[in-house]
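# Inside the fold
Read off the chains here:
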Amino acid sequence: MQFQEIMSMDPMFPPRARKCASSLYTCAKKVSTRLLVQFINSSMYEREQSVRKVRKYIRQSLPAVILTDILSSMVPVPSDKWRFPCAATLDRLHCKMHPECELVYGRLDRVIRVMFSEDISKVSINLKTVNIDLYKQVIASLTGVMTKLPSRPFPLLTSLVVCGGSVHSDDIITRIEELCEVLKDFAGNIENLHLPVASNLSLRSVSDIRRIRSLRADRTKAFNKRGLYHLCHPESHSRAGLQVLHLGVFKHTHFEKQDVAEFLKCMKNLLEFSLLDSDRALVRLDGSCTPGDKVLTYSVFKRAMRDTEESASIRGQIGPHLLATNLRAMSVVDRSLKPHYILESASLLHRLSIDWQQELSFPPFNRFKSTWFTDMMKGQSWVTLSKRLTRLDITFPAAYSINSYSLPLEDYTRLMQNLANLEELRLVGAGQGGPIPLMPTLQYCPKLRDLVLEKCPVHVPDNYEVVDQRFVSHSLKRFFYLGEMSSLLVHDFMMRGISHYMPALTELEIQPQTVLGYCGLRPDQVLELSSLMHLEKLSLPLSIRECIMNLPQIIFVLREFPSLRFLTLSWGMWCESYDISRGKISYMMAWLFNALGAENANIHLELSYKQHPREFCNFV
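Residue positions are given per chain, counted from 1 along the sequence in the order it is written. Residues qualify for local features only when their pLDDT is at least 70, as the model is predicted, and side-chain atom pairs are given and counted only at 80 or more; totals for whole chains, interfaces and linings, by contrast, use all residues. Calculation of side-chain values draws on the structure's entire complement of heavy atoms; hydrogens and water are dropped beforehand.

## Structural notes on the nonpolar core
Counting 188 residues, the largest nonpolar core has Leu 352, Phe 373, Phe 479 and Trp 571 as the members making the most contacts within it. Counting residues per element, this core draws most heavily on helix α5 (residues 99-115), at 8 residues. Should any heavy atoms of two residues lie within 4.5 Å, those residues are counted as being in contact. Those residues in contact with Phe 479, other than ones at most four positions away along the chain, are Leu 438, Leu 451, Leu 453, Ile 498, Met 502, Leu 505, Glu 507, Leu 508 and Glu 509. Here, nonpolar core refers to any group of buried Ala, Val, Leu, Ile, Met, Phe, Trp, Tyr and Cys residues whose side-chain atoms link them within 4.5 Å. Relative accessible area decides the class of each residue, using a 1.4 Å probe on protein chains only: under 20% of the type maximum gives buried, over 50% gives exposed, and in between gives partly exposed. Note on conventions: DSSP H or I runs of at least 4 residues are helices, E runs of at least 2 residues are strands, and numbering of each starts at the N terminus.

Written as structure tokens, this is what we have:
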């Protein structure tokens, strides 16, 4: 950018982009949270009487909705990635950048003992951000608060999420079983339950929770068909009430496909069901088989269909007798999809996920033809099914291994032409053999709201003197372009294309697979996005070469964004002589943070955890 261009920009952030005076509620919540954190970290917490006094005081002084809000602000939730990019990590992490993360890592059990009460309506915890040595204390604190004398019911608790299950959480299965037993007795109104690990005993307790609607377990231990039997028992509450079930099943001793098929036939009201198929073990590069093949949901679905037809023929029923389910979503992993099966036995389905490895089409596996996806799209049953879909998620084999199928242009056209009702689209590993056209995707899917492209080279136009309005999407709100560097390197005008063809965006994330070897975006490229009037959340890689000596230019560019509230940055590390050490990145982020504060800009600035994980572990 030239000096004249910079000086012609706004000298200050416009009034609507500045912070307003905090409300009395916000100020009071910050002060209350600070006082509670001080107590939790102090030696006063060691006195049981002090804990009881604090609990009693805050419950008498604050209504239930405020207590829940304070607890949520103290414990970062995985869904709040724009305020805490580290909260949704899949790896164990001790984040030292955010004081909230430090508190959770070392003091979460104390937070629960002080804040968790019968006034709380929802709790969300990610064990990946908690010290392993605290796992037992965290679960014990939840159980202890609910069972302490005098015991009281927890009628307001409707959601309990304890995610982040791993091999380390398998050791607390006994504590989880105790927690589920307590939830059955004291929290009968809970509707959403997420456990790090589950067993037969824990599912026995969950089946008796009156209003259970959604259950997810990241892992299972001491689990077999008896656990499923508890959930579908005729006298259980879960048989009629459970609508969403996701179980992480990885060990298959005494757990067969037939057992799950019988369960699926019993659960008439189930809308979503999976065994977390996408978390399966991948085929080894040498082609060797791994013992204990994972029980996959789609195979169970087909087995239930076959059993229903066979049982009808044994009873002598005349005419076709098909399995009838209420499923709205399904994952097809490492299997070839037969769309007519879904049309026959899951007629209400409108969300579909497909994920397969091409190695399984070759010896010694030979599970399906290597061209099954292309052949499937040519059939009329796929045309009928695709017209019903509102969400489609496809992970192509090229996402796992090179020189594999990656949706060539001919198949792309055939796939997209019947997706007029699609609202959410996610493609992973497409276009490796040749880039897929980005803008025609918007024309094929006029109702599209969310678009996620991972490891997908794309083609964007280079002429914007005339913009074809047929390709402009006024419905697209969220666009994520992740894990791909070649298109960012080739197309300097990609940001211009996004601003012209996606004018209604409120959330935009563009991050390469890695910032090592990538130059990053120049400030003038970022400026192209300022025409997005509704853009509130933005994540981009910036160029160290362009910004290292002119950080104020970034402030001038950000002034042009009318609605931006959350900004997550990474720094391209393609440079020959510049210092790209941890200290340099920390310095630039600190400078931008202080500059935005001096301008009173209402922009929450964060560093990308995916691209710079070391910064979070070694923050100074």
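## Observations regarding the packing of aromatic side chains
Stacked, tilted and edge-to-face are the three classes assigned to paired rings of Phe, Tyr and Trp, where Trp is represented by its six-membered ring and a pair needs centres within 6.5 Å; plane angles under 30 degrees give stacked, over 60 edge-to-face, the rest tilted. Enumeration according to the criterion identifies 16 aromatic pairs in this entry. Their ring planes at 25 degrees and their centres at 5.2 Å tell us that Trp 356 and Phe 373 sit as a pair that is stacked. Remark: Phe 373 occurs in helix α14 (residues 372-377) and Trp 356 occurs in the loop between β8 (351-355) and α14; sequence separation between them is 17 residues. Of the residues examined, Trp 356 reaches a relative accessible area of 3% and is grouped as buried. Taking relative accessible area as the criterion, Phe 373 reaches 1% and is therefore assigned buried. A ring pair is formed by Phe 373 and Phe 396, whose centres lie 5.8 Å apart and whose planes are at 90 degrees; its orientation type is edge-to-face. Taken together, the residues Phe 373 in helix α14 and Phe 396 in the loop between β9 (391-395) and α16 (409-416) connect sequence positions 23 residues apart. By the burial criterion, Phe 373 is buried, and Phe 396 matches it. Every member of this aromatic cluster is reached through a ring pair, and the members are Trp 356, Phe 368, Trp 372, Phe 373, Phe 396 and Tyr 405.

## Description of the pattern of salt bridges
Each salt bridge in this description consists of a side-chain nitrogen of Lys or Arg and a carboxyl oxygen of Asp or Glu lying within 4 Å of one another. If you walk through the whole model with that rule in mind, you get 33 salt bridges. Put simply, Glu 48 and Arg 113 hold a salt bridge, and the shortest N to O gap is 2.6 Å. With Glu 48 in helix α3 (residues 48-61) and Arg 113 in helix α5, this pair connects stretches of sequence that are 65 residues apart. Residue Glu 181 pairs with Lys 184 through a salt bridge whose shortest N-O separation is 3.0 Å. Placement of the pair is Glu 181 and Lys 184 together in helix α7 (residues 173-186), with a separation of 3 residues, close to one helical turn. Since its relative accessible area comes to 33%, Glu 181 is described here as partly exposed. In this structure, a network of salt bridges that share partners links the residues Arg 391, Asp 393, Glu 423, Glu 424, Arg 426, Arg 449 and Glu 454.

## Some details on the confidence of the model for the protein
Per residue, pLDDT captures the predictor's confidence, and it can take any value from 0 to 100. Scored by pLDDT, the protein has a mean of 89; 93% of the residues are at 70 or more. Contacts for the low-pLDDT stretch residues 285-292, under 50 throughout, to residues beyond four places or in other chains number 7 contacts.

## Overview of the sheet that holds strand β1 (residues 122-126)
Only strands joined by at least two bridges in the DSSP assignment are considered to pair. Taken together, the 6 strands give an open sheet; going across it, the order is β1-β2-β3-β4-β5-β6, and neighbouring strands pair in parallel fashion. Edge positions in the sheet fall to β1 and β6 (272-274), since each has one partner strand and no second. For this sheet, the mean angle separating the axes of adjacent strands, direction not counted, is 10 degrees. Pairing geometry for strand β5 (residues 244-247) and β6, over 3 bridges, is parallel. Bridged to His 246 within β6 is Ser 274. Note on geometry: axes are lines fitted to C-alpha atoms, helical ones only across the stretch in contact, with angles between N-to-C directions running from 0 to 180 degrees.

## Some remarks on unusual backbone geometry
The peptide bond linking Leu 149 to Pro 150 adopts the cis configuration, its omega dihedral lying at -5 degrees. With an omega of 5 degrees, the peptide bond between Pro 363 and Pro 364 qualifies as cis. Among the secondary structure elements, Pro 364 is positioned in the loop between β8 and α14. At Ala 222, a position not held by glycine, the phi torsion is positive, near 55 degrees.

## Some points on the environment of Glu 272
Note on placement: Glu 272 falls in strand β6. The class of Glu 272 is partly exposed, set by a relative accessible area of 22%. Linking Glu 272 and Leu 327, residues 55 residues apart in sequence, is a C-alpha distance of 5.8 Å. If we skip the residues at most four places from it in the chain, Glu 272 touches Gln 243, Val 244, Leu 245, His 246, Leu 327, Ala 329 and Arg 351. Here a polar contact is taken to be a pair of N or O atoms separated by no more than 3.5 Å, where protein atoms must pair a possible hydrogen donor with a possible acceptor and residues adjacent in sequence count only if both atoms sit in side chains. At 2.5 Å, the side chain of Glu 272 and the side chain of Arg 351 are in polar contact.

## Some words on the sheet that holds strand β17 (residues 566-572)
Strand order in the open sheet formed by 10 strands is β7-β8-β9-β10-β12-β14-β15-β16-β17-β18, with parallel pairing between adjacent strands. Two strands close off the open sheet at either side, each with one partner strand: β7 (329-333) and β18 (604-607). On average, each strand axis in the sheet is tilted by 10 degrees relative to the strand beside it, whichever way the strands run. Relative to β18, β17 is paired through 4 bridges, and the arrangement is parallel. Bridge pairing links Leu 567 to Leu 605 in β18. Contacts from helix α19 (residues 494-501) reach β14 (478-482), β15 (507-511) and β16 (537-543) within the one sheet, and its direction differs from that of β15 by about 160 degrees.

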